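Each chain is listed here by its residues.
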Amino acid sequence: MGVTKEQVEASLTSKLNPSHLEVVDTSGGCGASFVIEIVSEQFEGKRLLERHRVVNSALEEEMKEIHALSIKKALTTEQWKQQQEAEKSKPAA
C-alpha cells in the first residue's frame, strides 16, 4: 500500500507547523502522486527552491513511495495573507 493523504498531512504538520495545508492525492488512491499547497513561517527568508527542499526533507520517508510530488504553493504566512487579500479585491467575473 502506498502513502496516504493523511500520512503526508501528518508529516508536514508535525515538521513544518503550517498555518495552511492542502494535500490532494492525484494518484487515484494508490498514494503515488500528490499536489501540495503549504504556508509556513519556516519558509521565511528562503527562496522557492529552498522551500521545496524543506518540504521534500519533511517527507523523506514518504518520498520513498511517492512517485510525483507537485508543490503548487510554498508561501510564508505574510505572502499567503497578501495573496488572499489580492484575491478578495478582484471583481467577480
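As a reminder, the structure under discussion sits directly above these lines.
Not measured: the values here are computed from a predicted model.

Chemist: When you look at the sheet that holds strand S2 (residues 33-39) in this model, what are you seeing that I'm missing?
Modeler: The strands making up a sheet are joined through hydrogen bonds of the backbone, oriented either antiparallel or parallel. Read across the open sheet, the three strands follow the order S1-S2-S3; overall the sheet is mixed. If you trace the sheet from one side to the other, it starts and ends with strand S1 (20-25) and strand S3 (68-75), each paired once. Going across the sheet, the axis of each strand differs from the next one's by a mean of 10°, ignoring polarity. In terms of strand pairing, S1 meets S2 through six bridges, oriented antiparallel.

Chemist: I'm lost on the packing of helix H1 (residues 5-16) against helix H2 (residues 48-58) in this one. Help?
Modeler: Between two packed helices, the angle of one axis relative to the other and the distance separating the axes together describe the packing. Direction vectors running N to C along H1 and H2 enclose 115°, while the axes themselves pass 9 Å from each other. Relative to H2, H1 is oriented so that their crossing is right-handed. From H1, Ser11, Leu12, Lys15 and Leu16 reach across to H2, where they touch Val54, Val55 and Ala58. When the residues that make up the contact of H1 with H2 are grouped by side-chain class, the tally is five nonpolar, one polar and one charged.

Chemist: Please clarify how H1 should be interpreted in this entry.
Modeler: It helps to recall that an α-helix has 3.6 residues per turn; residues three or four apart then point in one direction. For H1, with 12 residues, the first-to-last C-alpha span of 16 Å sits near the 16 Å given by 1.5 Å per residue. By the burial criterion, the buried members of H1 are Val8, Ser11, Leu12 and Leu16. The buried residues of H1 occupy one face: seen down the axis, they fall within an arc of 95°. Relative to its buried face, H1 has exposed residues pointing more than 90 degrees away, namely Glu6 and Ser14.

The rules behind the values
Residues numbered from 1 in each chain as written. Predicted model: local features only at pLDDT ≥ 70, side-chain atom pairs only at ≥ 80, totals over all residues. Heavy atoms only, no water. Pairing = 2+ DSSP bridges. Helix = DSSP H or I, 4+ residues; strand = E, 2+ residues; numbered from the N terminus. Axes fitted to C-alpha atoms, helices over the stretch in contact; angles between N-to-C directions. Left-handed = near helix turned anticlockwise from the far one by under 90°. Contact = heavy atoms within 4.5 Å. Nonpolar A, V, L, I, M, F, W, Y, C, P; charged D, E, K, R; others polar. Expected span 1.5 Å × (residues − 1). Buried < 20%, exposed > 50% of the residue type's maximum accessible area, 1.4 Å probe, protein only. Arc of directions from axis to C-beta.

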